[in-house]
Amino acid sequence: MDEAALELVRQWLTRDSHDLQAARILATPEDPLLDPAIYHCQQAAEKSVKAWLQANDDPFPKTHDIEELVEQASDINPDFGKLSKAASALTPYVSAFRYAGGGSDEPMPSREEFDAALKNAQTIFDFIVNLLPKEARP
């Protein structure tokens with residue numbers, strides 16, 4: 001990977017790590033804001049997979065569908081198949097709690113739902129970061 005490609009991957013992963021940090025910060029106050037926090041979990045996972053695809057010079061569509069991105073990544077590395085359940089759980093959070101009538105039966109995510117989303121996002125991030133060369137990490 002040349003330096004320009006490494007820099008782009010680092011940018012994806014930096015934004016990804018910022019989304020994970022934002023999710024944690026939004027979820028920590030006494031009166032947590034779990035709806036934007038869970039959205040940041042989805043964004044973190046999406047950006048992680050896009051970073052991997054970028055690192056492998058595999059163009060990806062403009063999509064928020066983490067399942068689709070994981071499927072594409074598994075064409076390069078079949079181990080990505082292990083992430084399909086986490087991807088499936090996270091994908092709906094791109095809109096589920098972001099808008100009125102976003103498709104969720106609940107008006108706000110529960111603490112348990114957020115904790116599971118954060119765990120899934122962190123799992124995807126860690127999996128991908130461990131596959132990438134150290135110089136690609138933020």
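In case you missed it, the structure is sitting above this.
Residues numbered from 1 in each chain as written. Predicted model: local features only at pLDDT ≥ 70, side-chain atom pairs only at ≥ 80, totals over all residues. Heavy atoms only, no water.

S.K.: Lay out the overall build of the chain in plain terms, naming residues and giving numbers.
M.R.: Scanning the chain from N- to C-terminus turns up 5 helices and 0 strands. Starting at the N terminus, the α and β elements of the chain follow one another as α-α-α-α-α. Radius of gyration (C-alpha) of the chain: 15 Å, near the 14 Å computed for a compact globule of 138 residues. Taken along its principal axes, the extent of the C-alpha atoms in the chain is 45 × 25 × 25 Å. Relative to its full complement of 138 residues, the chain shows a buried share of 42%. Restricting the contact set of the chain to residue pairs at least 6 apart, pairs at least 24 apart contribute 63%. Total accessible area computed for the chain in this model is approximately 7,400 Å², and 51% of it derives from carbon and sulfur atoms. (Helix = DSSP H or I, 4+ residues; strand = E, 2+ residues; numbered from the N terminus. Rg over C-alpha atoms; globule rule 2.2 N^0.38 Å. Buried < 20%, exposed > 50% of the residue type's maximum accessible area, 1.4 Å probe, protein only. Contact = heavy atoms within 4.5 Å. Areas by Shrake-Rupley, 256 points an atom, 1.4 Å probe, with all protein chains shown as cover.)

S.K.: Account for the nonpolar core, with residues named and values stated.
M.R.: The biggest cluster of nonpolar side chains holds 40 residues, and the ones touching the most others in it are Val49, Leu90 and Phe114. At the level of elements, helix H1 (3–27), helix H2 (34–55), helix H3 (66–74), helix H4 (84–90) and helix H5 (111–131) are the ones that each hand at least two residues to this core. Among the elements that take part in this core, H2 stands out by supplying 11 residues, more than any other. Setting aside residues no more than four positions away along its own chain, Val49 makes contact with Ile66, Leu69, Val70, Ala73, Ile124 and Ile128. (Core = buried A, V, L, I, M, F, W, Y, C linked by side-chain atoms within 4.5 Å.)

S.K.: Any details on the environment of Pro133? Residues and values, ideally.
M.R.: With respect to the element layout, Pro133 can be found in the segment after H5. Looking at Pro133, the relative accessible area reads 31%, which means it is partly exposed.

S.K.: Residues and numbers for the side chain of Ser48, please.
M.R.: With respect to the helices and strands, Ser48 occurs in helix H2. In this structure Ser48 comes out as buried when scored by relative accessible area, which is 0%.

S.K.: How would you explain the environment of Ala55 if you had to name every residue and give the values?
M.R.: Following the sequence through the fold, Ala55 ends up in helix H2. For Ala55, a relative accessible area of 16% corresponds to the buried category. Put simply, Ala55 and Pro138 are 83 residues apart on the chain and 13 Å apart in space, counted from C-alpha to C-alpha. Sequence-distant contacts of Ala55, that is, excluding residues within four places in its chain, are made with Met1, Val9 and Leu132.

S.K.: Explain the packing of H2 against H5 residue by residue, including any values.
M.R.: A packed helix pair is summarised by two numbers, namely the angle formed by the two axes and the spacing between the axes. Packing of H2 against H5 leaves a shortest axis separation of 9 Å and a crossing angle of 20°. Here H5 runs roughly parallel to H2, going by the angle between their axes. Crossing of H2 against H5: the hand is left-handed. Across from Leu34, Ala37, Ile38, Cys41, Ala44, Ala45, Ser48, Val49 and Trp52 in H2, the residues of H5 making contact are Arg111, Glu113, Phe114, Ala117, Leu118, Ala121, Ile124, Phe125, Ile128 and Leu131. Along the lines of polarity and charge, the residues of the contact of H2 with H5 split into 16 nonpolar, 1 polar and 2 charged. (Axes fitted to C-alpha atoms, helices over the stretch in contact; angles between N-to-C directions. Parallel < 35°, antiparallel > 145°, perpendicular 65-115°, else oblique. Left-handed = near helix turned anticlockwise from the far one by under 90°. Nonpolar A, V, L, I, M, F, W, Y, C, P; charged D, E, K, R; others polar.)

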